[in-house]
Amino acid sequence: MTVYVLVGTQWGDEGKGKITDILAEGTDYVVRYQGGNNAGHTVCVGESTFKLHLIPSGILYDSCCSVIANGVVLDPAVILQEMETLRAQGISVNPSKLKISSIANVILPLHRQLDSKQEAKRHQEKIGTTGKGIGPAYMHKVARTGIRVQDLLKKETLKKKLLRQNWGEVYSESDYDIDQVVDEYHGYGMQLKPYVVDSSLFINEAINAGKSVIMEGAQGTLLDVDHGTYPYVTSSNPVAGAACVGAGVGPHKIEKVIGVTKAYLTRVGEGPFTTELHDEFGELLRKKGGEFGTTTGRPRRCGWLDLVVLKYAIRVNGITEICLTKLDVLDGLESIKVCTHYKTVDGELLDEFPLDLDVYSSCEPVYEALPGWSEDISQMTDFSELPASAKAYVEYIASYTGVQIKMVSVGTRRRQTIHLITR
Ligand code: GDP
Ligand code: IMO
Ligand code: MG
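All values reported here derive from a predicted model rather than from experimental measurement.

A. Here's a closer look at helix α1 (residues 16-24). The buried fraction of α1 is high, at nine of nine residues. Residues of α1 that are buried: K16, G17, K18, I19, T20, D21, I22, L23 and A24. Just beyond α1, the residue with positive phi is G26, at close to 85 degrees.

This is how it looks when you write it as structure tokens:
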């Protein structure tokens, strides 16, 4: 039995999709436990590029079963479209390869409307949401007025529950027709029916049968609604502990927690970001790293690696090993900075992430400059091949955090991956 949780240690887009794809080879199940189609994971295999939003990255292997568990908010039209797109790209998507929790909450058109309406009202304090209806869907889940996947299968139940929603909040009476929504969403439900299961039962039976499972987090630790830079966060818990709630699996079943960390830092959307670069280095990272959102196409904000953030992510997730991605993007830099501390406005040095957003927002980063390298590392497949400064960069991160680095990714492709164990 191997049950791993994989989480992003920053503000999302760390390359979780690529790492899950690497680990999924030989893994029996990949499970998504939170978030929705706000996520965007790009996975490159051979000449094909796959863009996944809801379906776990394990779907690319025929031997792997993908599970969308109860903690996810599911937009049924989006998942049906994603299934079609994958099929058109030659990937088989069928009920033996994909399972959907019967109790995952559903994203309705109302939630998307509310998302943009709430964002428009925020004026100075915009979050920069993806506009997919994520926040309002979780809001209704917690308010106990949500619609679950199993409700889509029963027309009368669906109508009764849809009538409970406050449609008048965003639509005028003439703008929506409840019977049309019932027909449309019941129709989606019937298309999804062959995939719908009790996902907790399904996953636990697999674990008890000795199968291997990866629980794949979307977003990242600093976007977590509890542990992130609230209110500039998403509305779910990407942290590892949430995998238990979001998949209905007991904590003692989890063996390892893998943190995926980009060799520099990006953020998309609003909110403070201490190591953000507004100069030519930021532009260079964006261009070389292709830092444009998979879901919204927005340019990502770029900056130097923040080890205070990483140390915090290691603590709140209980990370046991790190996969470092996009090291190749740093090729050709004379010097690379890493943030080791924050300096408060009072001149105090902090090495723990401050939970008060006012403090965090006003901190200055304290950097250590490490030597860069001029070589192209993107075709290197063994740690020993890396230039000395690239090795030193990886080892610096391992030694600062005290956590082993198990994998270094140097390109988008599967073969552009170095497996190693640092001290
Ligand atoms: P995720 O949301 O964490 O899965 O990350 P995204 O897929 O949104 O963003 C990561 C991007 O970086 C994708 O376009 C990947 O193809 C790409 N990527 C992943 N690993 C590497 C790497 O090691 N080097 C380079 N250059 N690109 C990478
Ligand atoms: P992956 O899985 C990066 C950000 C949005 C916004 C905030 C809230 O690809 O790493 P939401 O629509 O969730 O209410 O938006 O969270 N955000 C992400 N940023 N990667 C993601 O997912 C994200 N999902 C949400 O930009 O700032
Ligand atoms: Mg992404």
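B. Seen up close, helix α6 (residues 178-192). Taking 1.5 Å as the rise per residue, α6 with 15 residues should run 21 Å; its terminal C-alpha atoms sit 21 Å apart, in good agreement. Looking only at α6, the buried set comprises I178, V181, V182, Y185, H186, Y188, G189 and L192. Summarising the axial view, the buried residues of α6 lie within an arc of 155 degrees, below the 170-degree limit, and thus occupy one face. Between a side-chain oxygen at the N-terminus of α6 and the backbone nitrogen of D179 the separation is 3.0 Å; the capping residue is D177.

C. A look at the pattern of salt bridges. The full count for this structure, using the stated rule, is 20 salt bridges. A salt bridge links D21 to R414; its shortest N-O distance comes to 2.7 Å. Residue D21 is found in helix α1, and its partner R414 is found in the loop between β19 (404-409) and β20 (417-419); the two are separated by 393 residues along the sequence.

What counts as what
Residues numbered from 1 in each chain as written. Chains lettered and ligands numbered in written order. Predicted model: local features only at pLDDT ≥ 70, side-chain atom pairs only at ≥ 80, totals over all residues. Heavy atoms only, no water. Buried < 20%, exposed > 50% of the residue type's maximum accessible area, 1.4 Å probe, protein only. Helix = DSSP H or I, 4+ residues; strand = E, 2+ residues; numbered from the N terminus. Expected span 1.5 Å × (residues − 1). Arc of directions from axis to C-beta. Polar contact = N/O pair within 3.5 Å; in protein donor to acceptor, adjacent residues only side chain to side chain. Salt bridge = Lys/Arg side-chain N within 4 Å of Asp/Glu carboxyl O.

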